[in-house]
Amino acid sequence: MLEQLLIFTRGGLVLWSSCRALGNALKGSPIDALIRSCLLEERSADSSFSHESYTLKWAFHNELGLVFVAVYQRILHLLYVDDLLSAVRREFSEIYDPKRINYDDFDEMFRQLQKEAEARAEEMKKLKQSGRAPPVQAKKGGAGQRTLTGVQGNGTKKGTGGAAKDDSDGDTGNGRLLSNGVDNGTKGTNKSRVASMGKENGAPDTGAFDVNKLKMRSKTGKKGDGEKKSAPTKGEPKKAVKKNRVWDDKPVEESKLDFTDEKGDERMERDVVVVRGESMMDKEEVISSESEGEDDNEVEGAKPGAKKKGWFSSMFKSIAGNSTLEKADLQPALKALKDRLMTKNVAEEIAEKLCESVATSLEGKKLGSFTRVSSTVQTAMEEALLRILTPKRSIDILRDVHAAKEQGRPYVVVFVGVNGVGKSTNLAKVAYWLLQHDVSVMLAACDTFRSGAVEQLRTHARRLQIPIFEKGYEKDPAIVAKEAIQEAARNKSDVVLVDTAGRMQDNEPLMRALSKLINLNNPDLVLFVGEALVGNDAVDQLSKFNQKLADLSTVATARLIDGILLTKFDTIDDKVGAALSMVYISGAPVMFVGCGQSYTDLKKLNVKSIVKTLLK
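Reading the values: rules and limits
- Residues numbered from 1 in each chain as written.
- Predicted model: local features only at pLDDT ≥ 70, side-chain atom pairs only at ≥ 80, totals over all residues.
- Heavy atoms only, no water.
- Helix = DSSP H or I, 4+ residues; strand = E, 2+ residues; numbered from the N terminus.
- Buried < 20%, exposed > 50% of the residue type's maximum accessible area, 1.4 Å probe, protein only.
- Contact = heavy atoms within 4.5 Å.
- Areas by Shrake-Rupley, 256 points an atom, 1.4 Å probe, with all protein chains shown as cover.
- Pairing = 2+ DSSP bridges.
- Axes fitted to C-alpha atoms, helices over the stretch in contact; angles between N-to-C directions.
- Parallel < 35°, antiparallel > 145°, perpendicular 65-115°, else oblique.
- Salt bridge = Lys/Arg side-chain N within 4 Å of Asp/Glu carboxyl O.
- Right-handed = clockwise from strand over helix to strand, strands pointing away.
- Phe/Tyr/Trp six-rings, centres within 6.5 Å; stacked < 30°, edge-to-face > 60°.
- Core = buried A, V, L, I, M, F, W, Y, C linked by side-chain atoms within 4.5 Å.
- pLDDT = per-residue confidence, 0-100.
- Expected span 1.5 Å × (residues − 1).

A count of helical and extended segments in the protein gives 21 helices and 13 strands. Taken across its 616 residues, the protein has 47% of its residues classed as buried. Excluding contacts between residues fewer than 6 apart, the proportion of contacts in the protein whose partners are at least 24 apart in sequence is 76%. Roughly 32,400 Å² of accessible area belongs to the protein as shown, and the carbon and sulfur atoms make up 53% of that amount.

Written as structure tokens, this is what we have:
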């Protein structure tokens with residue numbers, strides 16, 4: 001049984017509903033959840049959306065700016081919903097008037113359309129049971145057209161032909177929506193996962209890519225090769241030490257990167273003075289490359305191998321305008337956009353879903369005068385990317401820290417992620433930034449798994465002159481974090497930064513330990529630390545981290561990833577797609593960007609700059 005069918009504008013004005021009684025309100029507000037989690041997040045190309053006990057399906061009329069949503073119980077399998085949405089879309093567009101707000105006369109029309117859709121679905125079910133092929137094309141063209149004629153009679157308008165065209169567009173668009181199911185599977189990630197398994201005990205700076213290269217070499221190379229190459233080097237002189245890289249045309253300081261403690265604790269204050277400086281978090285800077293030309297937008301449609309139309313034809317169409325966009329018109333521009341996003345390191349699955357969502361929002365719209373399809377698609381994609389990357393909630397950590405301080409408790413941040421992404425280093429950067437804002441910080445060494453992890457964090461704490469809570473190795477990280485928070489409350493520390501062990505998303509024991517740590521201590525912020533270098537693997541990492549945290553949670557409301565810290569952003573040039581992939585798959589905002597080796601190398605994400613870099 002259909003619970004509700006709702007028609008509203010893109011601006012949020014409800015035009016008609018199948019149940020307007022006060023007692024028939026749906027539990028949990030599934031339509032609000034659909035708008036927040038699907039339509040606003042550019043996931044409108046999905047076939048359906050589930051919320052609590054409901055399943056929702058929808059259709060658009062882009063030219064009129066209308067949205068049609070059907071809601072029914074998840075346990076039911078209603079075969080006629082898509083056909084009913086298409087019929088309602090067709091009939092309602094005939095009577096729609098922007099100045100009109102009351103459509104009570106549509107009730108009788110809807111009941112008739114629902115009966116006909118149920119009858120067609122029952123007929124198709126019988127045909128399938130009897131083994132005969134259902135006449136799909138005859139149903140769409142014949143039965144639907146007879147319904148139009150029978151209902152309207154002689155009162156059809158001159159725009160009947162246009163309505164029929166809209167109907168065919170709606171059917172093809174709806175069919176495309178049905179064919180694009182939610183595919184959570186990732187492509188090309190198995191190799192990187194296998195290559196990086198078993199690296200929990202490795203050094204944090206060794207990434208999965210290096211291990212993969214080593215394995216490839218071990219497969220292709222021979223044992224004697226190493227001996228042949230190393231033999232002549234015995235008599236050669238010792239190689240010169242590699243010089244430090246100069247970034248800003250400044251004189252090289254040889255001792256700046258040497259932080260070994262040769263003379264004991266008396267050098268601590270001098271070392272701390274060296275690293276003092278203003279954090280980049282408080283500066284407004286453009287993160288992406290400087291060459292962001294606006295002229296590139298005009299060369300989007302001209303791809304090698306594509307057919308070029310005559311200049312007079314294209315000029316006439318751009319001047320005349322009023323041509324309705326169809327799926328075939330959008331495909332070349334969307335294909336070029338998808339390829340461009342993938343070259344910027346956006347995961348293939350994410351790029352494909354974004355293009356499908358943009359196509360859904362544009363199909364059926366009319367082009368204005370002097371407007372090209374490529375520029376229309378580019379503008380729609382730019383708006384979609386801005387909506388996705390712009391945080392949906394406040395990410396002002398300093399305000400939250402002061403709010404927790406007023407409650408008499410420390411603000412707790414847990415850093416999680418896979419191996420070798422730089423969790424401990426960027427934790428120290430965040431601590432340095434907080435210290436600049438007169439916030440007292442304490443570190444919690446909860447990485448009791450990797451050798452040297454406690455010593456690494458102890459070095460950061462010594463150089464930053466902040467306390468650290470540690471219990472050594474082979475301890476329960478959840479208990480260590482709990483005792484650290486209690487110690488911070490006694491010492492009146494404002495913030496506790498919890499360092500955790502790196503773990504692969506498929507490592508069940510370590511993921512279970514992480515879930516226990518989060519559920520036991522209920523931190524204020526769970527930060528996922530990820531590399532800006534990853535492509536398709538970003539989808540697999542974040543989706544599985546969230547899935548494991550949800551599955552292994554012992555509380556009713558599971559704690560998931562709250563924010564993202566992107567590291568090694570200074571090494572990727574214009575390959576900024578990892579930020580988009582991570583935000584799209586998790587819905588969590590990018591709160592910090594690591595862009596160097598110093599404590600000051602921490603920035604905010606410049607959303608507009610990232611969008612321009614993705615589309616140029």
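From this point, the discussion proceeds with the structure in view.
A few words now on the sheet that holds strand S11 (residues 563–567). Pairing is mixed across the open sheet formed by eight strands, whose spatial order is S8-S7-S9-S6-S10-S11-S12-S13. Looking along the sheet, the strands with just one partner apiece sit at the ends: strand S8 (468–469) and strand S13 (602–603). Two strands pair when backbone bridges link them, and strand S6 (residues 411–417) and strand S10 (residues 525–531) are joined in this way by five bridges, in the parallel orientation. Its bridge partner being in S10, Val 413 is matched across the sheet by Leu 525.

In this section: the packing of helix H12 (residues 348–362) against helix H20 (residues 577–586). Contact pair H12 / H20: the axes reach a minimum separation of 10 Å and the direction vectors enclose 70°. Here H12 is positioned roughly perpendicular relative to H20, judged by the angle of their axes. Contacts between H12 and H20 involve Ile 350, Lys 353 and Leu 354 from the former and Leu 580, Ser 581, Tyr 584 and Ile 585 from the latter.

Now for the pattern of salt bridges. For the structure shown, the criterion picks out 25 salt bridges. With a closest N to O distance of 3.1 Å, Glu 108 and Arg 111 form a salt bridge. Taken together, the positions of Glu 108 and Arg 111, both in helix H3 (residues 106–130) and three residues apart, correspond to about one turn of that helix. In the salt-bridge network here, residues are joined through shared partners; they are Lys 344, Asp 574 and Lys 575.

Here we come to the pairing of strand S7 (residues 441–445). Taking burial as the measure, the five residues of S7 include five buried ones, the bulk of the element. As judged from the five bridges shared by S7 and strand S9 (residues 495–499), these two strands associate in the parallel manner. Considered in S9, the bridge of Leu 443 is made with Leu 497. As defined by bridge partners, S7 adjoins S8 across two bridges and the pair is classed as parallel. Across the sheet, residue Ala 444 finds its bridge partner in S8, namely Phe 469. Since S7 and S8 lie parallel, the crossover through helix H16 (residues 453–464) that links them has a hand, and here it is right-handed.

Turning our eyes to something else, we now look at the packing of aromatic side chains. Overall, the coordinates contain ten aromatic pairs when judged by the stated rule. For the ring pair Phe 92 and Phe 106, a centre distance of 5.2 Å and an interplane angle of 85° mean the geometry is edge-to-face. Placement of the pair is Phe 92 in helix H2 (residues 81–95) and Phe 106 in helix H3, with a sequence separation of 14 residues. Neither Phe 92 nor Phe 106 differs from the other in exposure class; each is buried. These aromatic residues form a ring-pair network of at least three members: Trp 16, Phe 68, Phe 92, Tyr 96, Tyr 103, Phe 106 and Phe 110.

Turning to the nonpolar core, a few remarks are in order. In terms of nonpolar packing, the biggest core is built from 110 residues, with Leu 354, Met 381, Phe 415, Leu 434, Leu 443, Leu 497 and Phe 592 touching the most fellow members. Judged by nonpolar contacts, the second largest core, of 26 residues, contains Ala 87, Tyr 96, Phe 106 and Met 109.

On to the sheet that holds strand S5 (residues 66–73). By way of backbone hydrogen bonds, the strands of a sheet pair with one another, either parallel or antiparallel. Strand order in the open sheet made by the five strands is S2-S1-S5-S4-S3, with antiparallel pairing throughout. Lying at the two open borders of the sheet, with one neighbouring strand each, are strand S2 (14–17) and strand S3 (49–51). Averaged over all adjacent pairs, the angle separating strand axes in this sheet is 25°, with direction ignored. Relative to S5, strand S4 (residues 54–61) runs antiparallel, the two being bridged by eight bridges. Along S5, the bridge assignment pairs Thr 55 with Tyr 72. Running over the sheet, helix H1 (residues 30–39) touches strand S1 (2–9), S3, S4 and S5 and is turned about 65° from S4.

Moving on to the confidence of the model for the protein. Mean pLDDT over the protein: 75, with 68% of residues reaching 70 or higher. In this model, residues 137–215 is a region of pLDDT below 50 whose contacts with residues beyond four sequence positions or in other chains number 108 contacts. Across residues 314–321 the pLDDT falls below 50, and counting only partners more than four positions away or on other chains, this stretch makes eleven contacts in the model.

When the terminal C-alpha atoms of H16 are compared, their 17 Å separation across twelve residues agrees well with the 16 Å that a helix rising 1.5 Å per residue should span. Among all positions of H16, only Ala 453, Val 454, Leu 457, His 460, Ala 461, Arg 462, Arg 463 and Leu 464 are buried. Immediately beyond the C-terminal end of H16, within one or two residues, lies Gln 465, with a positive phi of roughly 60°.

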